[in-house]
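What follows is the residue order along each chain.
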Amino acid sequence: MKAHSALRAWIPAACVGTALLATAMSAAAQAWPAKPVKMIVTYPPGGTVDVVARIIAPKLSARLGQPVVIDNRAGAGGAIGGDLVAKSPADGYTIMLDASNHSQNPALRSKMPFDTLRDLAPVSLLVRVPNVLVVNPSATITGVKDLIAQAKAKPEHINYASSGNGSAQHLSAELFSAMAGVRMTHVAYKGGGPALTDVMAGQVPVFFASLASSLQYIQSGKLRALAVTGKARSPVMPQIPTVAESGLAGYEVYEWNGVFVPAGTPAAVVDRLSKELAAVVRDPEVRARLEGMGAEVIGSNPAELDAFRRAEIAKWTQVAKTNKIELD
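*Asks:* Which residues make up the layout of surface pockets, and what values go with them?
*Replies:* With a probe scaled to a water molecule rolled over the atoms, the places where space remains empty come into view. By volume, the largest pocket is sized at about 860 Å³. If you trace the largest pocket, you find 41 residues lining it, with Tyr43, Ser163, Gln169, Gly192 and Glu255 closest to the centre. Elements with a contribution of two residues or more to the lining of the largest pocket: α2 (48–64), β4 (120–135), α7 (168–180), α8 (192–200), β7 (206–210) and β9 (254–262).

*Asks:* So what's going on with empty space enclosed by the protein? Which residues, and what values?
*Replies:* Enumeration over the complete set of coordinates arrives at one cavity of 30 Å³ or more. Around the largest cavity, the lining is made up of 13 residues, and of these Gly78, Asp98, His102, Asn105 and Phe114 lie nearest the centre. Breaking the lining of the largest cavity down by element, the ones donating at least two residues are α3 (79–86) and α4 (101–108). The leading source of residues in the lining of the largest cavity is α4, at four residues.

*Asks:* Please set out the pairing of strand β8 (residues 224–228) residue by residue, giving values where relevant.
*Replies:* The buried count for β8 comes to four of five residues, which makes it a mostly enclosed element. Judged from the four bridges that link them, β4 and β8 form a sheet pairing that is antiparallel. Counted as the bridge partner of Val134 is Ala225 from β8.

*Asks:* So what's going on with α2? Residues and values would help.
*Replies:* If you check α2, its first and last C-alpha atoms are 24 Å apart, about what 17 residues at 1.5 Å a residue would give, namely 24 Å. Taken as a whole, α2 carries its principal kink of about 30 degrees at Ala57; the proline Pro58 stands between one and four residues after it. Along α2, the positions that sit buried rather than exposed are Val49, Asp50, Val52, Ala53, Ile55, Ile56, Ala57, Leu60, Ser61 and Leu64.

*Asks:* Lay out the side chain of Ser124 with the relevant residues and their values.
*Replies:* Note on placement: Ser124 falls in strand β4. Taking relative accessible area as the criterion, Ser124 reaches 0% and is therefore assigned buried. Here Ser124 is in contact with Gly258, Val259, Ser274, Leu277, Gly299, Ser300 and Leu305, once residues within four sequence places are set aside.

*Asks:* Please give an account of helix α11 (residues 284–292) that cites residues and values.
*Replies:* Structurally, the start of α11 carries an N-cap: the backbone nitrogen of Glu285 is 3.0 Å from a side-chain oxygen of Asp283. Once α11 ends, the next one or two residues include Gly294, with phi positive near 90 degrees.

*Asks:* Tell me about the nonpolar core, and please be specific about residues and values.
*Replies:* Ranked by internal contacts, the top residues of the largest apolar core, which has 55 residues, are Met39, Ile56, Leu60, Val132 and Leu290. Residue contributions to this core peak at eight residues, all from α2. Sequence-distant contacts of Leu290, that is, excluding residues within four places in its chain, are made with Val52, Ile55, Val127, Val281, Ala295 and Val297. In this structure, Ile141, Ala180, Leu226 and Trp316 belong to the second largest nonpolar core, which totals 31 residues.

*Asks:* Break down the pairing of strand β5 (residues 159–162) for me, citing the residues and quoting the values.
*Replies:* By the bridge criterion, four bridges tie β5 to strand β6 (residues 185–188) in an arrangement that is parallel. Pairing of Asn159 across the sheet is with Thr185, part of β6. Crossover connection from β5 via α7 to parallel β6: handedness right-handed. Here two bridges tie β5 to β7, and the two strands are oriented parallel to one another. By the bridge assignment for β7, Ala161 is matched with Phe207.

*Asks:* Outline the packing of aromatic side chains, supporting the account with residue identities and numerical values.
*Replies:* Under the counting rule described, the total for this entry stands at five aromatic pairs. Where Trp256 meets Phe260, the ring centres are 6.4 Å apart and the plane angle is 55 degrees; that geometry is what we call tilted. What makes Trp256 buried here is its relative accessible area of 1%. Overall, Phe260 belongs to the buried group, its relative accessible area being 0%. Through successive ring pairs, a cluster of aromatic residues spans Phe176, Phe208 and Tyr251. A cation sits over an aromatic face here: Lys35 above Tyr93, 4.7 Å from the ring centre. The side chain of Arg128 reaches across the aromatic face of Tyr254, ending 4.0 Å from its centre.

Rules used throughout
- Along each chain, residues carry numbers from 1 onward, in the same order as the chain's sequence is written.
- It should be noted that, the model being predicted, local features are given only for residues of pLDDT at least 70 and side-chain atom pairs only at 80 or more, the latter also being counted only at that level, while totals for whole chains, interfaces and linings use all residues.
- Side-chain numbers here rest on the full set of heavy atoms in the structure, without hydrogens or water.
- Of the two site types, the cavity is a set of points on a 1 Å grid over the protein atoms alone where a 1.4 Å probe fits but cannot get out, and the pocket is an open set with protein on both sides within 12 Å along at least five of seven lines, each lined by residues with an atom within 4 Å of a point.
- Grid points are joined across faces, edges and corners, and a volume is the space filled by probe spheres set on the points.
- Helix and strand definitions follow DSSP, with helices as H or I runs of at least four residues and strands as E runs of at least two, each counted in order from the N terminus.
- A simple rule labels every residue: compare its accessible area, found with a 1.4 Å probe on the protein chains alone, to the largest value its type can have, and call it buried under 20%, exposed over 50%, or partly exposed in between.
- For two strands to be treated as a pair, DSSP must find no fewer than two bridges joining them.
- In a helix, the anticipated span is given by 1.5 Å times the number of residues less one.
- To obtain the bend at a residue, axes are fitted to the seven residues ending there and to the seven starting there, and the angle between these axes is taken.
- Should any heavy atoms of two residues lie within 4.5 Å, those residues are counted as being in contact.
- In the analysis that follows, any N or O atom pair within 3.5 Å is treated as a polar contact, provided that within protein one partner can donate a hydrogen and the other can accept it, and provided that, for residues neighboring in sequence, both atoms belong to side chains.
- Side-chain atoms within 4.5 Å are what join buried Ala, Val, Leu, Ile, Met, Phe, Trp, Tyr and Cys residues into a set we call a nonpolar core.
- By definition, the crossover connecting two strands over a helix is right-handed if that path, from the first strand to the second, turns clockwise as seen with the strands pointing away from the viewer.
- Two rings from Phe, Tyr or Trp (for Trp, the six-membered ring) form a pair when their centres are within 6.5 Å of each other. A pair whose planes differ by under 30 degrees is stacked, one over 60 is edge-to-face, and the rest are tilted.
- To sit over a ring, a charge needs its Lys NZ or Arg CZ within 6 Å of the ring centre and within 35 degrees of the ring normal.

Here is the structure:
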């Protein structure tokens, strides 16, 4: 009887505790933000990630009622900025706009200064952008099937450019090679700009380029697009087929941008931030600017971003293992 009495006494107390916790979380979300929010951008000024940040920051600031201050912390494929955010206070005042390397670094680097899944909490997948397989206009490669045929006929004879070891462009090509059963030679550059310059100059024939940065050169005829890497054709280049429909079924690669916060950030704050970000990217003005860059606007919830990044980590871990890629 005493045990039953104790249980009856505990249940109302537990309910009260739960209600108080919910009230406290709601109050925290309503109070947040009470000061400027710092947005860590894991890449340097002027790049695609930085451009996305500067498109969304003013609108997010207006919705939150506080300044959103951009702080570029580039280096190590996003790992420097990621480490800073992972070790920041989990109070909602430090957020991170990250890119595809968020899910590629854990696959390629065994000596990460933080644990991606444990230390960074997902907020929202904002956009994803396919890469585009481009060649110099004078190249003899006519399409995906022809590239595969030439690469099989002369293993390691065809060079491809990338914006650096472990970059999204590098891994796009490595996934292509693994799925097609070919070997090409990697020519790593210190950034997408120098890689584009050399492909346009005819120094390197093949590049899985960022659509956002290469679109103007495709449209001007300085590059020839063979295929996009997404699941569907890009609305900005509907005449260009996908890699999958061009002869490599199942191939799908995107560069993407998502927002993360330090693990332990109050759930109510994460939920509000996620909803505000989704509203920002779906704003007609913002959507038009992002889609003009070739981006697919998403604006996911935290659970959707978490599932997405876990699937991406698994995919790139397999690619790294198959192609023996390691960056340490």
